[in-house]
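Take a look at the letters that make up each chain.
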Amino acid sequence: MTTPSDALYAALCARAPQTTRELTRGLARLGQRLLLSSDVERLLAADPRIRNDGGRPLQWRALPIGQAPPLIGPPTPRTAPPALLPRRNDRRREVVDQLAVAVRVSPVAAFWGRGATASAPATPEPVLLTDVTVVRRPPLPPGSTPRYVGPHPRPWQGEALDAWLAHKRRGIVQSVAATGRVGVGVLAAWDGVTRGEKVLVLVRNTDLQDHWLRTLELQLPGLSLGRRGGEASHTFDDCDVLVSIASAARDDLLPEGAHGLLIADEVHRFGSSALAPTLADRYDARLGLSVSLEGADEALLPYFDAVLDGCDLRRGRADAEIARFRVGLVPVELTPDEHAEYRELSVRIDQLAARLVATHGCHPETFLDDAARLQAAWADRPEAATDASAYLRAVSARRLVAAASVAKLDALPRLSPTLARHAHSLVFTHSASDAETAATVLQDNGVDAERFPHGRPSETRLATIRELRTGEVRALTAHRPISTGNDLPPVTTVVLLAGTRTGRQLVERADPVLHPNPSDTISTVLLVFARGTVEDPGQGHLTDLLDAATEVRTFGIDAEGATIAAWSVGL
């Protein structure tokens, strides 16, 4: 069997020089689609038969026969050094302007948006959030008194904190502004520390953990701060604020007799199991942060007591909390086989729905909630539970037919001119395999694209994002949202091939283009949908997104790629 290293060597013998990107494309066409550019570069660097020219981008060539030492077995790639992002005075990147945040604000004044105390000298050069070293040192001793040097609270943040305080410091704050959500959490943590409480911040992965640690270090200097999860195992004996991956939190972290505040970021992803009573009930004060809550998230309410108004899309646009964006609706047609399957499932859904109403007492106004309740009632009403389960399975299967339609990927060549006009773009697909296929299709149509390596080590993820930032890659494809903790460059285009079933899914995937930018550039969201299905905008699930958009345009089924590309840049 030909190894990837041998295939690379053969490709360079046939044609040299070639860049890493060109060689990755070649391997993809040979079926090696699971290799990322960073993997290929490590293979090239480790192969003694291959040399690079040291240029930018690197170009590789094979040594002539006789000069290349023999290779016995595939080489072991060397461990890539940690990816260090350069510090740049790029106003498009996320910055914390010291001129704006140097004001020292008391906790109470911060919540009410009132006057500040004395100011400290401001540093003229902005500090990039990614320049702050993540906490890897021993925490400062517990009991220290941090000072707040973060941004002055926005109006919606002050209102949300007011409501949280009035509700006995319990509730879930919803906001489409990711940075603003974390800002609410920082202010709440500061308030908790000043009350003498221990503060537990729960996150779902290491990217978000690093993001919270950097933000807390920057905005609350002097904070006694620790981390838990992965290789770290700090406890409240070591610090006052503990940022923990949810799976690493224990129910005995809070010392006996101590008061605590629990902050759960992206709380809708945890579910009740991660916030079990043995954990949550020990913390008198509780704050959940979320894009938005939906039907199944009601299980969280017993822990947090209330859902508090924050910043939805309409308010975000009105208050300039999110960037201006245009939405392009690009319809596609299901294939004949997909149409047949979709119709068959629709007939089945109608039959089961009629039975659930006529026989099992479901009400049209609360139909989905009633069906979900019946599905769980196996012991008491097995026949009703069977019908409800069959109905919900059929609904999911019909939605999958539309989301995973091959027509979505077939639309990518038409969208390639649009992506070629934008320096930083994201494409979201239904599955990981579709994301890999999408990257290959874009490459074949002249767009440097890479699949975002979800589930891979952080060094690999950082290397992929660095390629997007430096321009080696123009588009990343992914099958699920890219965490807020990743330092993406300013994204100007998002293509949604799937993941648009709910408002929250839409916002999570569109989030990178919603970040405000200093130049107030209008970004673009292209939503590809299967016409005549539950994805059709006429179903109403896109109302909030479309209402907040600066411009909405529906393209014809045969709209040319050049037309869409020109519209995406305002022509």
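Residues numbered from 1 in each chain as written. Predicted model: local features only at pLDDT ≥ 70, side-chain atom pairs only at ≥ 80, totals over all residues. Heavy atoms only, no water.

**Q** How would you summarise the sheet that holds strand β8 (residues 225-229) if you had to cite specific residues and measurements?
**A** A sheet is described by the order of its strands in space; here 8 strands give the open sequence β9-β8-β10-β7-β11-β12-β6-β13, paired in mixed fashion. A strand with exactly one partner marks an edge of an open sheet, and here the two such strands are β9 (232-233) and β13 (307-311). In the sheet, strand β7 (residues 198-203) pairs with strand β10 (residues 241-245) via 5 bridges, with the strands oriented parallel. When the bridges of β10 are listed, leucine 202 appears paired with serine 244. Along the sheet, helix α7 (residues 178-194) makes contact with β6 (170-175), β7, β10, β11 (260-264) and β12 (285-290), crossing β12 at roughly 170 degrees. (Pairing = 2+ DSSP bridges. Helix = DSSP H or I, 4+ residues; strand = E, 2+ residues; numbered from the N terminus. Contact = heavy atoms within 4.5 Å. Axes fitted to C-alpha atoms, helices over the stretch in contact; angles between N-to-C directions.)

**Q** Got a sec to walk through the environment of glycine 471? Specific residues and values, please.
**A** Among the structural elements, glycine 471 can be located in the loop between α19 (458-470) and β17 (475-478). Judged by its relative accessible area of 42%, glycine 471 falls in the partly exposed class. A sequence separation of 23 residues divides glycine 471 from aspartate 448, and the C-alpha atoms of the two residues are 9.0 Å apart. (Buried < 20%, exposed > 50% of the residue type's maximum accessible area, 1.4 Å probe, protein only.)

**Q** Pulling in residues and values, what's your account of the packing of helix α14 (residues 367-375) against helix α15 (residues 382-403)?
**A** At a closest axis distance of 7 Å, the pairing of α14 and α15 adopts a crossing angle of 125 degrees. By the criterion of interaxial angle, the relationship of α14 to α15 is oblique. Judged by the sense of rotation from one axis to the other, the crossing of α14 with α15 is left-handed. Contact residues: Phe367, Leu368, Ala371, Ala372, Leu374 and Gln375 in α14; Ala384, Ala385, Ala388, Ser389, Tyr391 and Leu392 in α15. (Parallel < 35°, antiparallel > 145°, perpendicular 65-115°, else oblique. Left-handed = near helix turned anticlockwise from the far one by under 90°.)

**Q** For the pairing of strand β3 (residues 59-62), give the residues involved together with the corresponding values.
**A** Because side chains alternate across β3, one face comprises the buried residues Trp60 and Ala62, and the other comprises Gln59 and Arg61, none of which is buried. Judged from the 2 bridges that link them, strand β1 (residues 18-19) and β3 form a sheet pairing that is antiparallel. Bridging from a neighbouring strand, glutamine 18 pairs with tryptophan 60 of β3. Pairing geometry for strand β2 (residues 50-52) and β3, over 3 bridges, is antiparallel. Looking at β3, one finds that isoleucine 50 is bridged to alanine 62.

Any functional reading would require information beyond the geometric quantities listed.
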